[in-house]
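Structural overview for review
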Amino acid sequence: MKALTKIKFYYLALLISFTISCGDKKLKESCIEQTISLEKIKLDSADFNVRYTSIQILKSYPIQKKCSNGIKYANLFICKRRLTQTSDTIYIFNECIEPPQVAVDTAINIETGFFARDIIKSSKKQVVLFVPEKFQIPANAKYLFTEITSTVL
């Protein structure tokens, strides 16, 4: 009887992993490479006195190609700040690095955030992303270049 339960468990796990992998392919097909201008959005004035900023990732658009030939692709994470007076939306970019799984799978409910020490002061005028064809970042939105972590202090 225990062997039958194990088989059912493995079958269910296989079915779930197949469904998730198919979902990833659909997402990748619906996203295209686009160059997005940063000139109409604002660099976030991060509070460097706060060591760690807690965020909720609402949507993620991970890199789909490796950076090469001078082209730097960026991950995009659309987030809301947590545990602050204002829970404004912030667009977080990071270039040429594999995003952590907790940042890509927004169904995982793990506390995420970023450290002030990881914020990159950038003067970039544009980023290359993999996003849906009609994707736009609203004017006057706030953005940062930083690395997301699942470590909480």
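Residues numbered from 1 in each chain as written. Predicted model: local features only at pLDDT ≥ 70, side-chain atom pairs only at ≥ 80, totals over all residues. Heavy atoms only, no water.

1. Some words on the state of the cysteines
Selection criterion: Cysteine sulfur atoms that come within 2.5 Å of each other are treated as a disulfide pair. Segments assigned H or I by DSSP are reported as helices when at least four residues long, segments assigned E as strands when at least two residues long, and all are numbered from the N terminus. Burial classification: accessible surface area is computed with a 1.4 Å probe over protein chains only, and a residue below 20% of its type maximum counts as buried, one above 50% as exposed, and the rest as partly exposed.
Throughout the structure, instances matching the rule amount to 1 disulfide. Across the disulfide from Cys 67 sits Cys 96; the S-S distance is 2.1 Å. On the sign convention where negative is left-handed, the bridge of Cys 67 and Cys 96, at about -105° about the S-S bond, is left-handed. With Cys 67 in the loop between strand 3 (52-61) and strand 4 (74-81) and Cys 96 in the loop between strand 5 (89-95) and helix 2 (101-104), this residue pair connects regions lying 29 residues apart in the sequence. Overall, the relative accessible area of 28% leaves Cys 67 in the partly exposed class.

2. Quick word on the sheet that holds strand 4
Selection criterion: Any two strands with at least two DSSP-identified bridges between them are counted as paired.
In space, the 6 strands of this open sheet follow the order 2-8-5-4-3-6, with mixed pairing throughout. Unpaired on one side and paired on the other, strand 2 (42-43) and strand 6 (112-115) mark the two borders of the sheet. As paired elements, strand 3 and strand 4 share 6 bridges and run antiparallel to each other. Paired with Lys 59 across the two strands is Ile 78, which belongs to strand 4.

3. Structural notes on the nonpolar core
Stated formally: Here, the term nonpolar core denotes a set of buried Ala, Val, Leu, Ile, Met, Phe, Trp, Tyr and Cys residues that are joined through side-chain atoms within 4.5 Å. When checking whether two residues touch, look at their non-hydrogen atoms; a contact exists if any pair is within 4.5 Å.
Membership of the largest hydrophobic core comes to 22 residues, with the highest contact counts inside it found for Leu 76, Tyr 91, Phe 93, Val 127, Leu 129, Phe 135 and Ile 137. If you list the elements that add at least two residues to this core, you get strand 1 (31-37), strand 4, strand 5, strand 7 (126-132) and strand 8 (142-145). Here this core gets 5 residues from one element, more than from any other, and that element is strand 7. Sequence-distant contacts of Leu 129, defined by excluding residues within four places in its chain, comprise Ile 32, Glu 33, Gln 34, Ile 36, Ala 74, Asn 75, Leu 76 and Phe 93. By size, the runner-up hydrophobic cluster in this structure holds 12 residues, among which are Ala 46, Phe 77, Cys 79 and Leu 144.

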